[in-house]
Amino acid sequence: MDSFELNKVAGAVLGTLLFAMGTGFLAELIYKPKPAGDHGYPLPAAQEEPAGGGAAEAAKEEPLPVRLASADAAKGQSAAKKCAACHSFDKGGPNKVGPNLWGIVGRPKGSHEGFNYSAAMKAKGGDWSYDDLDHFIHAPKGFVSGTIMAFAGVPSGAERADILAYLKTLSDKPVDFPKP
Ligand code: HEC
């Protein structure tokens, strides 16, 4: 091998190295993510786990009577569409995956005729107050551990208040909201 040939080999090796470096550099130029600036959506703040751990979130929220004072039943009705897969709301409506919810406020827990409640719900006891409903809809499994309501919960306190305002209307004798 003469020096000319050695040069060729060295050249090829160097060339390959340069090429590899160059493509790496180019790739970085092309793919380096630019900061997104103000475009796009702000990510929603981390939401708490649906089951339990509600203390931190609750601390940031207005107390229920305050939320109820500015709640909107019409908004609640449309928010309650996510419940309608499993619940009917009309008077005398059928039990579906979940029990009919007409007159739920003030009704004893787990008491709707013809619905096969979980043992956990039957054991919970007491009537459904606005406060209990707020907690249950926030985190069903956090409030009634062992419930068969397979629903993650409504994280927004304002939306839950709207839903409660809607549930209030589902009665011949609506139960008053608690006073702020
Ligand atoms: C995936 C189906 C499903 C969805 C969605 C759902 N639920 Fe339920 N719900 C159930 C089941 C099943 C039960 C019975 C729970 C038990 O026995 O443990 C129940 C029980 C309840 C109860 C107690 C009823 C009683 O008679 O004691 C309330 C109140 C309730 N749901 C409200 C809601 C609301 C409000 C929403 C929407 C924000 C909702 N649920 C969404 C299935 C569902």
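Residues numbered from 1 in each chain as written. Predicted model: local features only at pLDDT ≥ 70, side-chain atom pairs only at ≥ 80, totals over all residues. Heavy atoms only, no water.

In the nomenclature of an unreviewed UniProt entry, the protein is known as Cytochrome c class I of Methylobacterium nodulans. Per UniProt, the protein has the following entry under Subcellular location (unreviewed entry): "Cell membrane". (UniProt positions renumbered as here; feature names shortened; annotations may be inferred.)

When you line up the elements, Phe143 lands in helix 7 (residues 140-143). Taking C-alpha positions, Phe143 is 9.8 Å from Met121, a pair spaced 22 residues apart along the chain. For Phe143, the contacting residues outside a window of four places in its chain are Lys109, Lys124, Trp128, Asp132, His135 and Phe136. (Helix = DSSP H or I, 4+ residues; strand = E, 2+ residues; numbered from the N terminus. Contact = heavy atoms within 4.5 Å.)

Before going further, it helps to spend a moment on the pattern of salt bridges. Enumeration according to the criterion identifies six salt bridges in this entry. Linking Glu61 and Arg160 is a salt bridge whose minimum nitrogen-to-oxygen distance equals 3.0 Å. You can see Glu61 sitting in the loop between helix 2 (55-60) and helix 3 (64-69) and its partner Arg160 sitting in helix 8 (residues 157-169), a full 99 residues away along the chain. According to the relative accessible area criterion, Glu61 is buried, its value standing at 19%. Judged by relative accessible area, which is 1%, Arg160 ranks as buried. Across the pair Arg160 and Asp134 runs a salt bridge, and its minimum N-O distance is 2.8 Å. Here Arg160, found in helix 8, pairs with Asp134, found in helix 6 (residues 130-138); they are 26 residues apart in sequence, far enough to count as distant. For the residue pair Arg160 and Asp134, the accessibility class agrees, reading buried in each case. One continuous salt-bridge network, built from bridges that share partners, spans Glu61, Arg67, Asp134 and Arg160. (Salt bridge = Lys/Arg side-chain N within 4 Å of Asp/Glu carboxyl O. Buried < 20%, exposed > 50% of the residue type's maximum accessible area, 1.4 Å probe, protein only.)

For the rest of this paragraph, the subject is the environment of Thr147. Position of Thr147 among the secondary structure elements: in the loop between helix 7 and helix 8. In this structure the C-alpha to C-alpha distance between Thr147 and Ala120, which are 27 residues apart in sequence, comes to 5.8 Å. Setting aside chain neighbours within four positions, we find Thr147 in contact with Ser118, Ala120, Met121, Phe136, Pro140 and Lys141. Here Met149 takes part through its backbone nitrogen, which lies 3.1 Å from a polar atom of the side chain of Thr147. (Polar contact = N/O pair within 3.5 Å; in protein donor to acceptor, adjacent residues only side chain to side chain.)

It is worth spelling out the packing of aromatic side chains at this point. Applying the stated rule across the entire model yields six aromatic pairs. Measuring from centroid to centroid gives 6.1 Å for Trp128 and Phe143, while their planes differ by 35°, and the two rings are tilted. Here Phe143 lies in helix 7 and Trp128 lies in the loop between helix 5 (119-124) and helix 6, a separation of 15 residues in the sequence. Exposure class is identical for Trp128 and Phe143. Each is buried. Each member of the aromatic cluster is reached from another via a ring pair, and the members are Trp128, Phe136 and Phe143. When the ring centre of Trp128 is taken as origin, the NZ or CZ atom of Lys109, which lies over that ring, is 5.1 Å away. Above the plane of the ring of Phe177 lies Lys168, whose end atom (NZ or CZ) is 4.1 Å from the centre. (Phe/Tyr/Trp six-rings, centres within 6.5 Å; stacked < 30°, edge-to-face > 60°. Lys NZ or Arg CZ within 6 Å of the ring centre and 35° of its normal.)

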